[in-house]
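Next come the chains, spelled out residue by residue.
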Amino acid sequence: MELIRKYFQQITGNQLKQLTSLTTSLREWNEKINVVSRKDVDKLEERHILHSLAIAKYIHFIPGTTIIDVGTGGGFPGLPLAIMFPDCEFTLVDSVGKKIQVVNELSAACGLHNVQAFQARAERIQDQFDFVVSRAVTAFPQFFRWTSSLISKESENQIPNGIIYLKGGNLKQELAGFGERIRIEPISKWFEEVWFEEKKVVYLKI
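Here is a short report on the structure shown in this document. Nothing here was measured: the structure is a model prediction, and the numbers come from that model.

1. Looking at the pairing of strand β4 (residues 131-135)
And then number 1: Counting buried positions along β4 yields 4 of 5 residues, so the element is predominantly enclosed.
And then number 2: Both strand β1 (residues 66-70) and β4 contribute to a ladder of 3 bridges, which runs parallel. The residue bridging I67 from the neighbouring strand is F131, located in β4.
And then number 3: As judged from the 5 bridges shared by β4 and strand β5 (residues 162-168), these two strands associate in the parallel manner.

2. Brief notes about the packing of aromatic side chains
Any two aromatic rings considered together are summarised by their centre-to-centre distance and by the angle between their planes.
And then number 1: Applying the stated criterion to the full structure yields 11 aromatic pairs.
And then number 2: Aromatic pair F143 and Y165: ring centres 4.6 Å apart, planes at 35°, arrangement tilted. Separated by 22 residues along the polypeptide, F143 in helix α7 (residues 140-147) and Y165 in strand β5 bring together distant segments of the chain. In this pair, the class of F143 matches that of Y165, namely buried.
And then number 3: When the ring centre of W29 is taken as origin, the NZ or CZ atom of K32, which lies over that ring, is 4.5 Å away.
And then number 4: Looking at K199, its charged tip hangs above the ring of W195, at a distance of 4.1 Å from the centre.

3. Comments concerning the pattern of salt bridges
And then number 1: Applying the stated criterion across every chain yields a total of 6 salt bridges.
And then number 2: Between K6 and E193 there is a salt bridge whose closest N-O contact spans 3.3 Å. Residue K6 is found in helix α1 (residues 2-7), and its partner E193 is found in the loop between β6 (182-186) and β7 (199-205); the two are separated by 187 residues along the sequence.
And then number 3: Owing to a relative accessible area of 37%, K6 belongs among the partly exposed residues under this scheme.
And then number 4: Note that E174 and K167 form a salt bridge whose closest N and O atoms lie 2.6 Å from each other.

4. As for the pairing of strand β3 (residues 115-119)
And then number 1: The pairing of strand β2 (residues 89-94) with β3 spans 5 bridges and is classified as parallel. Across the sheet, T91 pairs through a bridge with Q116, a residue of β3.
And then number 2: In this fold, β2 hands off to helix α6 (residues 97-110), which returns the chain to β3; that crossover is right-handed.

5. Considering the packing of helix α2 (residues 13-30) against α6
And then number 1: At a minimum axis separation of 8 Å, α2 and α6 run at an interaxial angle of 145°. α2 and α6 meet at a crossing whose hand is right-handed. Residues Q18, S21, L22, S25, L26 and W29 of α2 lie in contact with α6, whose contacting residues are Q101, V102, E105, L106, A109 and C110.
And then number 2: For the contact of α2 with α6, a count of residues per class yields 7 nonpolar, 4 polar and 1 charged.

What counts and what doesn't
- Residues numbered from 1 in each chain as written.
- Predicted model: local features only at pLDDT ≥ 70, side-chain atom pairs only at ≥ 80, totals over all residues.
- Heavy atoms only, no water.
- Buried < 20%, exposed > 50% of the residue type's maximum accessible area, 1.4 Å probe, protein only.
- Helix = DSSP H or I, 4+ residues; strand = E, 2+ residues; numbered from the N terminus.
- Pairing = 2+ DSSP bridges.
- Phe/Tyr/Trp six-rings, centres within 6.5 Å; stacked < 30°, edge-to-face > 60°.
- Lys NZ or Arg CZ within 6 Å of the ring centre and 35° of its normal.
- Salt bridge = Lys/Arg side-chain N within 4 Å of Asp/Glu carboxyl O.
- Right-handed = clockwise from strand over helix to strand, strands pointing away.
- Axes fitted to C-alpha atoms, helices over the stretch in contact; angles between N-to-C directions.
- Left-handed = near helix turned anticlockwise from the far one by under 90°.
- Contact = heavy atoms within 4.5 Å.
- Nonpolar A, V, L, I, M, F, W, Y, C, P; charged D, E, K, R; others polar.

Printed below as a string of structure tokens:
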């Protein structure tokens with residue numbers, strides 16, 4: 001976990017232990033159920049954990065914040081964020097039941113008490129949350145249509161409630177319709193590894 005410690009010097013020993021448990025357990029489960037790309041298994045720390053924690057560089061969630069990770073897959077970005085923000089409540093959803101099974105096992109292996117995970121499609125969820133987070137599950141306009149109703153209008157964090165989306169590449173055309181509601185931050189401003197050169201945090205305020 002030296003890469004995580006490099007960028008998050010305030011991280012506690014227990015959090016590092018939890019992140020280590022997450023990577024160890026994920027590698028074991030990925031042999032049974034392919035929840036992350038095989039080519040990325042040897043680079044979990046960089047391409048999954050650190051990438052997820054770019055959101056923790058963008059915003060420091062205050063205690064009590066509710067966050068839903070839509071299309072969580074193997075638990076990213078939700079599980080690393082739940083470790084980083086133990087006083088916040090995380091809901092992780094995916095339409096694939098086997099992935100949620102793995103997420104629940106990973107959460108238990110890390111000893112997390114601020115995570116609930118279940119199989120669901122975003123458009124069928126009735127609850128509301130402060131923030132929706134995700135890692136490039138689809139084109140942003142489609143994701144917005146699926147998830148905008150999940151966001152509470154009452155904001156208490158340093159930025160208004162909204163969507164925080166991790167995505168790479170040229171997003172100009174994809175995001176053109178959202179105007180000044182969109183903010184884009186290159187992840188390379190925080191992390192120097194080459195893999196992050198094209199990666200971005202996209203924030204849309206509601």
